[in-house]
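Here is how the chains run, residue by residue.
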Amino acid sequence: MRLAFPLPRLKLPRLALSRPRLPRFRGRMAMADSGPERPRLGLIRSLFTLRGEKLPARLILAALAFGGLYLALAARIVHLQVKTDEPATASRMAGSSIMTARPQIVDRNGFVMATDVKTVSVYADPRKVIDKDEAAELLNAVFPELDGNELRDKLSRRNAFVWIKREITPRQQQDVHRLGIPGIGFLPENKRVYPAVQVGAHVIGAANIDNQGIAGIEKYIDGQGLNDLRGVGLGRNAADLKPVELALDVRVTHAVREELRAAVQKFRADAGAALVLDVDTGEIITHVSLPDFDPNSPAEALKPEHVNRLQVGRYEMGSTFKALTTAMALDSGKVKLTSVFDASQPLRYGRFRIGDYKGKNRPLSVPEIFIFSSNIGTARMALAVGVEGHKAFLKKMGQLDRPRTELAEGLDPLVPARWGELNTMTISFGHGLAVAPLTAAIATAALVNGGRFIPATYLKRTPEEAAKLATQVIKPETSQMMRYVMRLNAEKGSASRADIPGYYVGGKTGTSEKVVRGRYSKNKVLTTFMAVMPSDKPRYLVMTMLDEPKGLPETHGYATSGWNAAPTTGRIIERIGPMLDIEPRFELPQSPFPHVARLGVAQVR
């Protein structure tokens with residue numbers, strides 16, 4: 001507002017309590033003063049009325065108000081600049097993820113496999129460190145593992161925040177605190193620990209030093225909304241997050257791991273893997289891949305030898321694939337369980353020759369082809385279905401796709417660029433197509449559970465949930481015939497060393513020559529055994545795999561699956577059967593395969 005009259009000069013120090021003498025004004029204001037006396041204004045209104053006698057007090061009041069406001073703003077700015085060592089500000093500089101908790105991971109029985117613990121890390125604000133060299137020397141004495149020059153470089157930066165040491169011990173925290181170095185502070189963090197150590201390591205994965213998942217279920221959790229919670233500042237406490245329930249059973253996994261380790265050492269194998277799968281729900285009860293690692297040291301997970309062989313490895317699965325070929329042939333209707341195929345002579349295709357390992361050199365029925373593991377008979381069954389039918393069957397059984405589970409790890413199978421009759425012949429007995437062992441196990445489970453293909457999961461799942469995901473891939477009658485030939489193989493075939501009394505085991509062995517420099521090696525093999533128990537009403541599939549086992553005197557120098565993978569699986573079944581609540585039955589079932597009995601299958605010679 002602009003005044004329409006000039007103001008007198010005021011001398012603030014010489015304020016008088018009495019009413020000052022006003023000068024005589026001219027114009028409109030003077031005329032107003034010369035009129036009759038106006039009524040007294042109220043107190044509030046008088047403060048905002050421009051009267052000459054009030055001007056000195058108003059100016060003082062305004063000066064004090066604006067001065068106080070500026071002082072408050074300046075103090076706040078200084079406060080924000082100085083208080084960078086508060087945990088909230090420090091955490092913003094370090095990244096909010098370090099303060100975010102992760103949910104517990106528990107097995108199917110509630111055993112904690114991964115949890116958070118509180119820890120402390122040391123940081124510095126280099127701007128406040130007065131003597132950089134002295135501070136670096138003192139800190140290096142507490143943390144001798146740190147590089148002194150690198151530490152001095154950190155303290156010489158112009159940053160407001162640098163890490164000195166992550167996840168220190170209480171003793172180290174006390175030693176640093178006693179140093180009393182300006183600009184050095186502590187920040188609370190959540191550190192991931194794994195009580196089960198190596199048990200289930202490839203499934204659990206690991207979290208890095210910033211408590212972020214880098215592999216396995218830990219990485220899966222981050223992708224399921226944990227990062228979103230971090231973004232909005234939630235999930236600071238593990239108690240606020242629901243535990244992740246796995247399908248794994250720690251007890252069973254520990255037992256399987258021990259037996260597999262013993263087998264790897266005994267047969268001098270380069271590596272090994274084992275799997276226990278619930279055939280009715282698709283739950284993975286056990287997942288072991290050796291060599292494994294300790295998730296408490298995340299860097300170990302990145303070593304090439306610690307690869308997840310069950311899901312990331314790709315192998316030609318050998319004769320275990322004959323189960324798929326047999327099921328395909330029987331389900332197509334072009335082959336019957338009583339059908340006979342000539343296996344008296346090697347099968348020739350151009351310049352290629354397909355023979356049998358210790359062949360019978362005679363016509364074989366379908367059950368005989370299975371238990372004697374005849375390459376010739378299996379190839380003839382595949383040709384009866386045809387190339388396109390073969391490809392379509394393997395496609396719906398998941399063998400032409402990468403494994404799909406909660407784990408991000410996985411590779412596409414190695415499929416022939418041109419798939420002709422020769423490819424169908426070799427793939428029928430497990431050569432020429434490299435897949436992840438997990439995908440082969442899932443397909444085999446579908447062969448024995450009534451013909452339902454159920455995607456595998458590492459998370460706990462109910463039968464009702466599994467039923468919604470199931471796809472019928474073969475007839476129930478075909479599934480019963482497959483259970484029959486698998487049981488027959490344990491009674492009279494190559495799986496006899498896995499026939500543990502009381503569990504009515506069935507299965508299929510597989511030995512495949514590994515490819516070395518583009519050629520199959522006779523001395524380097526992969527041995528696998530797929531077992532189902534019990535055969536009449538399967539509940540679990542157990543798969544054991546040994547990479548490059550060696551022949552021993554007790555195996556007569558043989559390194560095939562029947563001599564190593566099969567007996568290893570037998571020991572595993574004997575040990576985990578009670579843990580899986582499978583009660584041994586020492587009396588054989590009266591009519592385990594009624595459909596097969598009606599077919600009148602001839603006795604195996």
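Residues numbered from 1 in each chain as written. Predicted model: local features only at pLDDT ≥ 70, side-chain atom pairs only at ≥ 80, totals over all residues. Heavy atoms only, no water.

(A) Representation of the overall build of the chain within the structure. From N to C terminus, the chain includes 20 helices and 20 strands. Taken across its 605 residues, the chain has 49% of its residues classed as buried. Taking all contacts inside the chain whose residues are at least 6 apart in sequence as the whole, residues at least 24 apart take part in 72%. When the accessible area of the chain is evaluated, it comes to approximately 31000 Å², of which 54% is carbon and sulfur surface. (Helix = DSSP H or I, 4+ residues; strand = E, 2+ residues; numbered from the N terminus. Buried < 20%, exposed > 50% of the residue type's maximum accessible area, 1.4 Å probe, protein only. Contact = heavy atoms within 4.5 Å. Areas by Shrake-Rupley, 256 points an atom, 1.4 Å probe, with all protein chains shown as cover.)

(B) Just the pattern of salt bridges, in detail. As enumerated under the stated definition, the model contains 28 salt bridges in all. Through salt bridges with shared partners, one network takes in R102, D116, R192, E218 and D222. (Salt bridge = Lys/Arg side-chain N within 4 Å of Asp/Glu carboxyl O.)

(C) Highlighting the nonpolar core. With 91 residues, the main nonpolar core has I217, L246, L337, L394, L447 and L541 as its most contacted residues. When residues of this core are assigned to their parent elements, the largest contribution, nine residues, is made by helix α16 (residues 437-448). Other than its neighbours up to four places away in sequence, I217 contacts I105, V203, I204, G205, V244, L246, E406, L407, Y458 and L459. Judged by nonpolar contacts, the second largest core, of 33 residues, contains V252, F529, I572 and I573. (Core = buried A, V, L, I, M, F, W, Y, C linked by side-chain atoms within 4.5 Å.)

(D) Geometry of unusual backbone geometry. Cis geometry is found at the peptide bond from L290 to P291, where omega equals 0 degrees. Locating P291 in the fold gives a position in the loop between β9 (284-290) and β10 (315-316). Of note, the amide linkage connecting M533 to P534 takes the cis form, showing an omega dihedral of -20 degrees. In this structure, P534 sits in the loop between β19 (519-533) and β20 (540-547). Phi angles above zero are rare outside glycine, and Y504 is one such case at about 50 degrees. By secondary structure assignment, the location of Y504 is in the loop between α18 (476-492) and β18 (506-516). For Y504, a relative accessible area of 8% gives the class buried. Unusually for a residue other than glycine, D581 sits at a positive phi of about 60 degrees. Within the element layout of this structure, D581 appears in the loop between α19 (565-576) and α20 (594-599).

(E) Structural context of the sheet that holds strand β8 (residues 271-278). Strand order in the open sheet made by the five strands is β9-β8-β20-β19-β18, with antiparallel pairing throughout. Strands at the two margins of the open sheet, each flanked by one partner only, are β9 and β18. Ignoring strand direction, the axes of neighbouring strands in this sheet form an average angle of 15 degrees. Sheet topology note: the β19/β20 ladder contains eight bridges and is antiparallel. Looking across to β20, one finds that M533 is bridged to Y540. Across the face of the sheet, α19 comes into contact with β8, β18, β19 and β20 while running at roughly 25 degrees to β19. (Pairing = 2+ DSSP bridges. Axes fitted to C-alpha atoms, helices over the stretch in contact; angles between N-to-C directions.)

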